[in-house]
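Coordinate inspection notes
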Amino acid sequence: MGWIWPCVALILSIWVASVWRITSLSSRLPSKPLFLSSRSEKRKNVLLVMAHPDDESMFFSPTIMNLASEGHQIHLLCISVGNADGLGSTRKQELYHACTIFEIPREQIQILDHQNLQDGFHNKWEHNLLGQFINDSIAIWNIDTVITFDKYGVSGHPNHRDVHHAVRKFMHESLPREIEAWELISMSIFRKYSGPASVWPSLLCSSSYQKRDMLLLLNSNPYQSFHAMAKHKSQWVWFRKLFVVFSSYTYMNILHKIS
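In the annotation of an unreviewed UniProt entry, the protein is listed under the name N-acetylglucosaminylphosphatidylinositol deacetylase and assigned to Rhynchospora tenuis. A UniProt comment under Sequence similarities (unreviewed entry) is attached to the protein, and it reads "Belongs to the PIGL family."

In structure tokens, the structure reads:
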């Protein structure tokens, strides 16, 4: 049993070194594209399209914080109120509270409660209907850039995946003007739950990201993600607390440009 404490010490050392690396590099990665850079000619109106209240804190906080640090206007389109357990009204208010941590004004948040777009693993969301709401939000807020899930949707949740397919369908069929769209890359189960240690393989690959239209965003203040997620009080149970601590999405996002 004498090997246990050395292993614990090694894991803690890797954890601390990883967090230090993330916070020290977060503002000076070479792969930051023009739409996120302070060298950009104008600040962008960015639309984050997500499925449920708390998606922004659990999965997208590094992206939100990087956008905010560069002065871009962040808008949220949340497709459902998350009413699978009958807590839709509560979860809607919790999303507004969480967004105060990210300094996103309430007028830049739209939360839908459409009868055909209800939260649930067995609820199929119609992509054309989703596209109509996405198009409306783009027009109202004069959006330049859209960010959403990739085809797996991080957790494999069907609602996440439907949002992705709707954005991609909209990009291919309905674009009224030049708009960029980016998707959050889903990681393998090992990297997903490796917490900040996932930064090391990401950094090894970062030099090739620009060639593949990919972007690595690091979270300079992981505590802000914990604080935001804690505002979702109805969801802040023990296993989600563990998720936020051990999830690599708390510490970094890898985005891929939708062609």
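Picking up after the structure, the text goes on.
This brings us to the side chain of His164. In this fold, His164 is placed in helix α7 (residues 158–173). The exposure class assigned to His164 is buried, which follows from its relative accessible area of 3%. Within the local environment of His164, its side chain forms a polar contact with the backbone oxygen of Phe149, the two atoms lying 3.0 Å apart. Other than its neighbours up to four places away in sequence, His164 contacts Thr148, Phe149, Asp150, Lys151 and Glu183.

Here the focus is the pattern of salt bridges. Inspection of the entire model under this criterion finds six salt bridges. Among the salt bridges present, the one from Asp119 reaches Arg91, with a minimum N-O distance of 4.0 Å. Remark: Arg91 occurs in helix α4 (residues 88–101) and Asp119 occurs in the loop between β3 (109–111) and α5 (127–141); sequence separation between them is 28 residues. No difference in accessibility class separates Asp119 from Arg91, as the two residues are buried. Connected via shared salt-bridge partners are Asp54, Arg91 and Asp119.

Turning our attention to α7. Under the 1.5 Å per step criterion, the end-to-end length of α7 is 22 Å for 16 residues, consistent within 8% with the ideal 22 Å. Of all the residues in α7, the buried ones are Asn159, His160, Asp162, Val163, His164, Ala166, Val167, Phe170 and Met171. Next to the buried residues of α7 lie β1 (45–50), α2 (55–58), α5, β4 (145–149), α6 (153–156) and β5 (180–184).

Taking 1.5 Å per residue as the helical rise, α5 with its 15 residues ought to reach 21 Å, and the 21 Å between its terminal C-alpha atoms agrees with that figure. Those residues of α5 not exposed but buried are His127, Leu129, Leu130, Gly131, Phe133, Ile134, Ser137, Ile138 and Trp141. On its buried side, α5 packs onto β1, β2 (73–78), β3, β4 and α7. Two or three places before Asn128, at the opening of α5, Glu126 has a side-chain oxygen 3.1 Å from that residue's backbone nitrogen. Directly beyond the C-terminal end of α5, a positive phi value near 55° is found at Asn142.

Here the structure, examined in full by the defined rule, presents six aromatic pairs. Within the aromatic cluster, the residues linked to one another by ring pairs are Phe59, Phe60, Phe149, Tyr193, Phe243 and Tyr249.

Take the sheet that holds β3 next. Two modes of strand pairing occur in sheets, parallel and antiparallel, and in both the strands are linked by backbone hydrogen bonds. Taken in spatial order, the seven strands of this open sheet run β3-β2-β1-β4-β5-β7-β6, and their pairing is mixed. Edge positions in the sheet fall to β3 and β6 (214–218), since each has one partner strand and no second. Pairs of neighbouring strands in the sheet enclose a mean axial angle of 20°, with direction left out of account. Where β4 and β5 come together, five bridges link them in parallel fashion. Bridge pairing in β5 links Thr148 to Glu183. Each of β1, β2, β3 and β4 touches α5; the most contacted strand, β1, lies at about 160° to it. Here α7 sits on the sheet and contacts β1, β4 and β5; the angle it forms with β4, its principal contact strand, is near 150°.

What counts as what
Residues numbered from 1 in each chain as written. Predicted model: local features only at pLDDT ≥ 70, side-chain atom pairs only at ≥ 80, totals over all residues. Heavy atoms only, no water. UniProt positions renumbered as here; feature names shortened; annotations may be inferred. Helix = DSSP H or I, 4+ residues; strand = E, 2+ residues; numbered from the N terminus. Buried < 20%, exposed > 50% of the residue type's maximum accessible area, 1.4 Å probe, protein only. Polar contact = N/O pair within 3.5 Å; in protein donor to acceptor, adjacent residues only side chain to side chain. Contact = heavy atoms within 4.5 Å. Salt bridge = Lys/Arg side-chain N within 4 Å of Asp/Glu carboxyl O. Expected span 1.5 Å × (residues − 1). Phe/Tyr/Trp six-rings, centres within 6.5 Å; stacked < 30°, edge-to-face > 60°. Pairing = 2+ DSSP bridges. Axes fitted to C-alpha atoms, helices over the stretch in contact; angles between N-to-C directions.

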